[in-house]
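Observations on the three-dimensional arrangement
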Amino acid sequence: MRKACPTCGTWQEFQKLNDAEKAAVRAVKGDRHYVHDLWRCTADGCLWYQPWHHTRGGDLLPERFRKEAAAPE
Ligand SMILES: [Zn+2]
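Residues numbered from 1 in each chain as written. Predicted model: local features only at pLDDT ≥ 70, side-chain atom pairs only at ≥ 80, totals over all residues.

Some points on the overall build of the chain
The following threshold applies: Segments assigned H or I by DSSP are reported as helices when at least four residues long, segments assigned E as strands when at least two residues long, and all are numbered from the N terminus. Each radius of gyration reported is based on C-alpha atoms, and the globular scaling rule is 2.2 Å times the count of residues to the power 0.38. Counts of 20 or more other C-beta atoms within 10 Å of a residue's own C-beta define buried residues, counts of 12 or fewer define exposed ones, and intermediate counts define partly exposed ones; C-beta atoms are placed from the backbone.
Scanning the chain from N- to C-terminus turns up 1 helix and 5 strands. Listed N to C, the secondary structure of the chain is β-β-α-β-β-β in terms of helices and strands. Whereas a compact globule of 73 residues would reach a radius of gyration of roughly 11 Å, the chain reaches 12 Å, a difference of no more than 12%. Taken along the three principal axes of its C-alpha coordinates, the chain extends 45 × 25 × 15 Å. The burial tally for the chain puts 15% of its 73 residues in the buried class.

Below, the structure written as structure tokens:
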């Protein structure tokens, strides 16, 4: 599923948050924060997540969820 990522500034593949990511969002936003319609940008190095229909309510995942780009040869 592709969306415009406000952090990347381009269209990117988004994926629903996995359990570890949901737990991390709740650790920051509180246990009652609604995490079942949050999607993250899967671009290398991007930590942006947001509800499907709007960027309001979006934020950045903790640093440990950053996917580094493959190291150049
Ligand atoms: Zn992004």
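Now that the structure has been shown, the text picks up again.
Description of the nonpolar core
Heads up, the rule is: By our criterion, buried Ala, Val, Leu, Ile, Met, Phe, Trp, Tyr and Cys residues that link up through C-beta atoms within 7 Å make up a nonpolar core. Contact between two residues is assigned when their C-beta atoms, built from the backbone, lie within 7 Å.
Counting residues in each nonpolar core, the largest one holds 8 residues, listed as Cys-5, Phe-14, Val-25, Leu-38, Cys-41, Trp-48, Tyr-49 and Leu-61. Where this core is concerned, the elements lending two or more residues are strand 3 (38–41) and strand 4 (48–51). For Phe-14, the residues in contact, after removing those within four places along its chain, are Met-1, Arg-2, Lys-3, Trp-39, Arg-40, Cys-41 and Thr-42.

So, the sheet that holds strand 3
Going by this rule: At least two bridges found by DSSP between two strands is the condition for calling them paired.
Across the sheet, which stays open at both edges, the 5 strands sit in the order 1-2-3-4-5 with antiparallel pairing between neighbours. Strand pairing shows two members of the sheet lacking a second neighbour, strand 1 (2–5) and strand 5 (59–60), which therefore form its edges.

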